[in-house]
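Next come the chains, spelled out residue by residue.
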Amino acid sequence: MRVTLLIAWREYLENVKTKGFWIGVLLVPIVFFIIFHVSSRLATATPTRYYLLVDQSGQYADSVESAILREHQRRVMLDFMRYLQENRSESNSIEISNEPANQMDQLIDDFSNDEVAALDDWLSNGGLAVALQMARPYLRTDAPDFEEPRPQFVAALPPPGLDLNAAPEQIVETLRPFLNGQQRLQAGDNQVSLFALILIPADVDSDIVRPAPVPTGMADDSTPRGLQYWAGNLTDTRLSSAIQTSINNVIRQQEYTELNIDVDAVRDVQRTRLPVSRLDPGKVAGDEQVSLADTFRQWAPMGFVYLIFISLMQSVQYLLSNTIEEKSNRIIEVLLASVTPGELMMGKLLGIGATGITTIVAWLGSFFVFIRLYQTVETAMIVQILDVLLSSDLIPYFVFYYVCCYALYAGIFLAIGSLCNTLKEAQSLMMPLMMVLVVPILTMSFIAQDPNGTMARVMSWIPLFTPFTMMNRAAAQPPMFDMVGTTILLVLSTVAVLWLSGRVFRQGILRTGQPPRILELWRMLRKRTT
Amino acid sequence: MPSSVLSLTNVTKRYGEFTAVNRINLSIPKGSVYGFLGPNGAGKTTTIRMILDIIRPDEGEIEVLGCTSAMQVRSRIGYLPEEKGLYKKMRVWAIISYFATLKGMHRKEAKLRAFELLEQYGLKDFANATVDSLSKGMGQKVQVLSSIAHRPELVILDEPFSGLDPVNQEVLEQLIRDLKNNGQTVIFSTHIMQHAERLCERLLLITQGSKVFDGTVDEARAIIPRRVILECQNDLSALADLEGVLSVCELPVSSEGRIEGTRQWELYVKEQTNPQLILQHCFHNSISLSRFDFTQTSLHDVFVHLVGQEAREHNFR
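As the structure is a prediction and not an experimental result, all values here were calculated from the model. (Residues numbered from 1 in each chain as written. Chains lettered and ligands numbered in written order. Predicted model: local features only at pLDDT ≥ 70, side-chain atom pairs only at ≥ 80, totals over all residues. Heavy atoms only, no water.)

Engineer: Sorry if this is basic, but what is going on with the packing of helix α14 (residues 394-419) of chain A against helix α18 (residues 466-473) of chain A here?
Structural biologist: In a pair of packed helices, the angle between the axes and the distance between the axes together describe the arrangement. Residue and element names in this part refer to chain A. Taken N-terminus to C-terminus, the directions of α14 and α18 make an angle of 170°; their axes are 9 Å apart at the nearest point. One finds that α14 runs roughly antiparallel with respect to α18. Touching Leu394, Tyr397, Phe398, Tyr401, Cys405 and Tyr409 of α14 are Thr466, Pro467, Phe468, Met470 and Met471, all from α18. A class-by-class count of the residues in the contact of α14 with α18 yields 10 nonpolar, one polar and no charged. (Axes fitted to C-alpha atoms, helices over the stretch in contact; angles between N-to-C directions. Helix = DSSP H or I, 4+ residues; strand = E, 2+ residues; numbered from the N terminus. Parallel < 35°, antiparallel > 145°, perpendicular 65-115°, else oblique. Contact = heavy atoms within 4.5 Å. Nonpolar A, V, L, I, M, F, W, Y, C, P; charged D, E, K, R; others polar.)

Engineer: I'm lost on empty space enclosed by the protein in this one. Help?
Structural biologist: Left-over empty space is what a probe sized like a water molecule reveals as it rolls over the atoms. The final tally for this structure, using the stated rule, is five cavities of 30 Å³ or more. Here the largest cavity defines a volume of roughly 80 Å³. Lining the largest cavity, in full, are Tyr121, Gln140, Lys141, Val144, Leu145, Leu164, Asn168, Val171, Leu172 and Leu175 of chain B. The set of elements that each furnish at least two residues to the lining of the largest cavity consists of α4 (136-148) and α5 (166-181) of chain B. Among the residues making up the lining of the largest cavity, the classes are represented as seven nonpolar, two polar and one charged. If you trace the second largest cavity, you find it lined by Val334, Ala337 and Ser338 of chain A together with Tyr79, Phe99, Lys103, Ser146, Ser147 and His150 of chain B. Going through the elements one at a time, α11 (331-338) of chain A together with α4 of chain B are the ones with two or more residues in the lining of the second largest cavity. Residue contributions to the lining of the second largest cavity peak at three residues, all from α11 of chain A. Among the residues making up the lining of the second largest cavity, the classes are represented as four nonpolar, four polar and one charged. (1 Å grid on protein atoms, 1.4 Å probe; cavity = no way out; pocket = protein on both sides within 12 Å on 5 of 7 lines; lining within 4 Å. Points joined across faces, edges and corners; volume = space filled by probe spheres on them.)

Engineer: I keep staring at the side chain of Ser147 of chain B and nothing clicks. Help me out?
Structural biologist: Residues and elements named next belong to chain B. With respect to the helices, strands and loops of the structure, Ser147 is situated in helix α4. Within the structure, the side chain of Ser147 is placed 2.5 Å from the backbone oxygen of Val144, a separation counted as a polar contact. Contacts of Ser147, omitting those with residues within four sequence positions, involve Gly78, Tyr79, Leu80, Pro152 and Leu157. (Polar contact = N/O pair within 3.5 Å; in protein donor to acceptor, adjacent residues only side chain to side chain.)

Engineer: Before we go on, may I ask you to explain the nonpolar core in this structure?
Structural biologist: In summary, soluble globular proteins display a tendency toward joint burial of nonpolar side chains. Ranked by size, the top nonpolar core spans 156 residues in total, and within it Val64 and Phe99 of chain B carry the most contacts. Looking at which element gives the most residues to this core, the answer is α14 of chain A, with 15 residues. Ignoring anything within four residues of it in the chain, the contact list for Phe99 of chain B reads Ile331, Val334 and Leu335 of chain A together with Leu86, Tyr87 and Ser146 of chain B. Core analysis: the next-biggest nonpolar cluster, separate from the first, contains 16 residues, Leu52, Val54, Phe178 and Leu179 of chain A among them. (Core = buried A, V, L, I, M, F, W, Y, C linked by side-chain atoms within 4.5 Å. Buried < 20%, exposed > 50% of the residue type's maximum accessible area, 1.4 Å probe, protein only.)

Engineer: Is there a simple way to think about the interface of chain A and chain B in this case?
Structural biologist: Size of an interface, as often reported, equals the accessible area lost when the parts are brought together. Across the boundary between the two partners, chain A contributes 24 residues, which contact 27 residues of chain B. A buried area of about 2400 Å², summed over both sides, lies between chain A and chain B, and 58% of it is on carbon and sulfur atoms. Summed over the shared surface of chain A and chain B, the result is two salt bridges. For the side of chain A that touches chain B, the secondary structure elements donating two or more residues are α1 (2-16), α10 (292-328) and α11 of chain A. Partitioning the side of chain A that touches chain B into residue classes produces 11 nonpolar, five polar and eight charged. (Buried area = accessible area lost by both parts, 1.4 Å probe. Salt bridge = Lys/Arg side-chain N within 4 Å of Asp/Glu carboxyl O.)

Coordinates in, geometry out; function isn't part of it.
And the structure:
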C-alpha cells in the first residue's frame, strides 16, 4: 500500500505541478467569466445603427418611429431592472419564492410575468423619470446614478439628391451602395453606415393580408410586398421585428375601428391571462407549488453528468499520456523492479483520480469565488440555485457515480495505454470507447425530460452508461429496483474491468511493437502471468 | 566459499516457438562483481528480467537473496535497465530520492542520500536541474545513482556503459569498485570486454539463450590457446615439434607491417607454455627474427572464439 500511495502521490504531483494543468483548470472559470460578462454587457456594446425611413404612404412613419422608441424604452426598462436589483438597499438577491414585498418587487414581478404589459405600464406611467423617483427610497445610499443606455437605432438623413417620391425600385437602387457599405451617410460631423432602409410604398395598404378561406391575390414571389425592410445584416432582427409588430398593431387598430370594435377593450382582453400553478404531488402537503428551485433541482443532474464527463475526459488524457511516457521512456522497467504491476496500476488510478478531483474542486471553488465577487442579478440567482443544489441529496449520488465511472473507464484506458507505445497508436484504440462515451451525452437531455422512461431504464442497465444515466435520473426518484440493481451491476462490472485491465496491464506494459489484434488481446485477457 | 546471493537452476524462458533462455544454471557469490557477456539477443536482458521477477520463467527456479521472488526482497536489489529512461520533468535529486523511497527508504533519508551521491559523483551542481536538461550521459549517471541510492545488497546493471564517454565510463567503473568494496554484489551485462576484464571476477557467457561459459576471467582466457607472431626469412614449420606448441602456420603475404622479403608465422601455444622457450629455440638455431609478437589472450578473443561465429550467423540470418 505504501508504494501504491507513493506512486499515486508522484502521479498527482507531476500533473498538478505543471503550468499546463493550472492553465487548463483556470481556463474554464475564466472562459465562463468572459462569456458571462461579455454576454451581459454585449447589448450595451452594440454600435448605434442608422436607419432611413421613407414612408410614401404617409400613414405609418409615426408608428415606425414609435416602435423604435418603444424598443429603446424596453432596453431602458431592462437596464433599470438590473440597476434596481444590484442597488436595492435590503438585499442584492432575488427571492425565488416570487412573493412581492414592496412596490419594487411588484414592478419586477410584473416584468417577469408579462414583459409587453410591463412596458405598456412603464410608458403609460411616465417611464424612467417616474420609475427613478419611485425607486429612490429603496436604493442603497451609495447607489450610483442610473445611466440611461444610448439609443441603438437612430434615424439618418437621406443622402443629397435622393428623391423620396421616386419609384421604390429607384430609391432602392440609389441607396444600394449605402446599404452595401460602399458609401456612407453624413450624420452630423460623422460619416456613418446605413444599417437599414425602411421603405413603405404608397400602395402598401393593397398588400394587407386578411384571413380568407382561399388565398387570394397571389402575387409574383420576386416582387416585394408590403413594407420593405432592406438591410445587409440578417442576424440583428430587433428593428425589423419591432417595426413589424408596431405596424401590425396600427393596421389591426384600423380594422377594429372600421368594424366598430372598442380598441381599448380589445387591448384589455389581450392582456387578460390565467395563471397556471405547477404543482408537485411528491412534495409535502401545502408546499406542492413548484418553485424555480425545484425546476433547477430537476435539471441539475445534467450539470453533474457534464462534470463527470469533462473530468473523466481530462483524467483519461493524463492516464494515457503518463503511461505511454513511462513505456516509451522505459521507466516502466525500473518501476517494475520496484513495484508489482498491480501496485503500479492502482497508484496510477489513485494519483490521476486525485488530479481529476482537484480539477473539479478547483472549478467549483473558482466558480464560487467568482459568483461571490461578481455580484449581478444573474450571479445572485446562481448563488441561490447552488445553495439549493448543495442542500439537495444529489451530492452523494455524484460522488458515488463519479468514483465508479472513473474506476470503470480509467481501468480500460490504462489497459489501452499499456498496450501502446505512442499516443497515435492509443488514439486508434480509443476511438470505439470515445464513441461509447458520447452516447450518454447525446441522450442526456432526453433522459432528463423522461427520467423513468424506457430509454433511461434500458441505458441504466448498461454498465458503461450506468453512472451517467443514473446520475441524470437521480433527481427523479427512480424505482428502487433500478437503483439497487444498477448499483450492484455497476460495482461488479467495475471490479471485473479493473481485474481484467490488470491482466492486460501486466502483459502489455513491457510489450514493444504494434498494439495487439483482437485475438491476441483475448489471449492476454485469459493468460495469468507474463 | 562465500554464500550465494543468486542462483538459477535450469531456468528457461520461451516466447512461442522461440527459446530466449535455455536451461541456464548459475550461482553468484556474495560480494563479487559478475559479468553477463553475450552477443545481441543472447538472452542477457531476459535472464535479468527473470531474476528481477519482472517476467516469469517457464521452467526452472530462481533464488535471489534467499527468496524465490525478487519482489520479496525488492528493497535489497538495485536495477539499471538496458534502455534508460527517467521522468523528464522531475528534478535530479527528486528522481533519485523517489526511486529510493519506492525501495523502502524513508523520504528524508532518501533526499539526503540523493544529495550525498550527487556530490560524490560530481553532479551536485545539477541537483535541482530537471532531467530533460541533462545530457544523455549525465542522465545515465543519474539513473545509475537512482539504482544504488537505497544501498542494495545486489546491484544489477544492464549495459551500464553504453552511451557513456570514456571519462564517465571510468567514473562508473570506480562506482562499481566502490560497491564491491562496500561488500555489495554487482552483476552487469556488457558488450565491452575491457570493462569485464577490469572489473569482473567471474563471467557468464551466453549465446542464443544458452550458457557457453561460467567461471573466472583467467579460466576464460585459458579456453583459447595463446598466439605468437614471428617474422623472419626462414621456414619455421619445424617449430610445430616443440613442446607446448599446438600449431604453426604461415600467414599470407598480404599481412600488414611485413618487411619485404620476410615471412610471417602464426603459432598457437598452450596456456602454460612459456613463449621465451620459442625465442630461445630460434636463438640456438641462428634464426634471425625481425619480429616476435606475443600477446596475452584477451577476453575479446575468448568472446569471439566462443560466440563469434554463432553471433554472426544469428545477427545476419
